[in-house]
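Single-letter residue listing:
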Amino acid sequence: SRRLCWKWRREPLFLSPSVKYGIELLMIALIQRVESSKVEVEGKVVGEIGKGVNVLLGVEKGDTEEDIKLVADKLVNLRIFPSEDGQKEFDRSLEDIKGEILVVSQFTLPASLRKGRRPSFDRSEAPERAKEIYEQFVQYLRQKGFKVETGVFGADMKVYIINDGPVTFILRSEDLKKPRKVR
């Protein structure tokens, strides 16, 4: 028992979270189909969209440009909007409807609630790096021709959403990296 305790204390502090926790870390996007959405900082609207999606983006340690592209490409091509005639609930993509995107940084999404009563943010990326990844994500979507509005990274924000449906999805870059199962 004492020996195990000694080994545990000698655990290298430089272990990556994926090794330490035995999980692969990932970018998380909570996507909500909206009629409209806006974000305020200190009582002023800093970003506002019409029909499209509200994206709460969580950046984890180790997220890369690959994660940005995987999540952004999937986001704009997901068929989560109804057909023009309303017969099919999930028929058209954001690209098809020329929808708008509101991206809000959300460092609490990667939090672990596994132990204790207080969230652990060990998996969340450091603020400087997370901001860089967040800005690259927004820029990538803009380069694809979408109107993209944002909140203010790290600010205390009020997000207003008129959810259409409600239709809400969680998109993880980890899921997009897994090979498809062949039936």
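The paragraphs below set out a description of the structure included in this document. (Residues numbered from 1 in each chain as written. Predicted model: local features only at pLDDT ≥ 70, side-chain atom pairs only at ≥ 80, totals over all residues. Heavy atoms only, no water.)

Observations regarding the overall build of the protein chain
Scanning the protein chain for helices and strands turns up six helices and eight strands. Reading the helices (α) and strands (β) of the protein chain from amino to carboxyl end gives α-α-β-β-β-α-β-β-α-β-α-β-β-α. The burial tally for the protein chain puts 37% of its 183 residues in the buried class. Within the protein chain, residue pairs in contact and separated by at least 24 positions form 71% of the contacts whose partners lie at least 6 positions apart. Of the roughly 11,900 Å² of accessible surface on the protein chain, 49% is carried by carbon and sulfur atoms. (Helix = DSSP H or I, 4+ residues; strand = E, 2+ residues; numbered from the N terminus. Buried < 20%, exposed > 50% of the residue type's maximum accessible area, 1.4 Å probe, protein only. Contact = heavy atoms within 4.5 Å. Areas by Shrake-Rupley, 256 points an atom, 1.4 Å probe, with all protein chains shown as cover.)

Details of the packing of helix α3 (residues 65–77) against helix α5 (residues 127–143)
Across the interface, α3 lies against α5 with an axial gap of 10 Å and an inter-helix angle of 40 degrees. On the basis of their axis angle, the class for α3 and α5 is oblique. Considering only the axes of α3 and α5, their crossing is right-handed. Of α5, the residues touching α3 (which contributes I68, K69, V71, A72, D73, L75 and V76) are I133, Q136, F137, Y140 and L141. Its residues assigned to classes, the contact of α3 with α5 comprises nine nonpolar, one polar and two charged. (Axes fitted to C-alpha atoms, helices over the stretch in contact; angles between N-to-C directions. Parallel < 35°, antiparallel > 145°, perpendicular 65-115°, else oblique. Left-handed = near helix turned anticlockwise from the far one by under 90°. Nonpolar A, V, L, I, M, F, W, Y, C, P; charged D, E, K, R; others polar.)

Structural notes on the pattern of salt bridges
Here the structure, examined in full by the defined rule, presents ten salt bridges. Among the salt bridges present, the one from K69 reaches E65, with a minimum N-O distance of 3.2 Å. Note that K69 and E65 are positioned in helix α3 at a spacing of four residues, about one turn of the helix. Residue E132 pairs with R129 through a salt bridge whose shortest N-O separation is 2.6 Å. Placement of the pair is E132 and R129 together in helix α5, with a separation of three residues, close to one helical turn. One network of salt bridges, in which partners are shared, links R33, E35, K51, E89 and D164. (Salt bridge = Lys/Arg side-chain N within 4 Å of Asp/Glu carboxyl O.)

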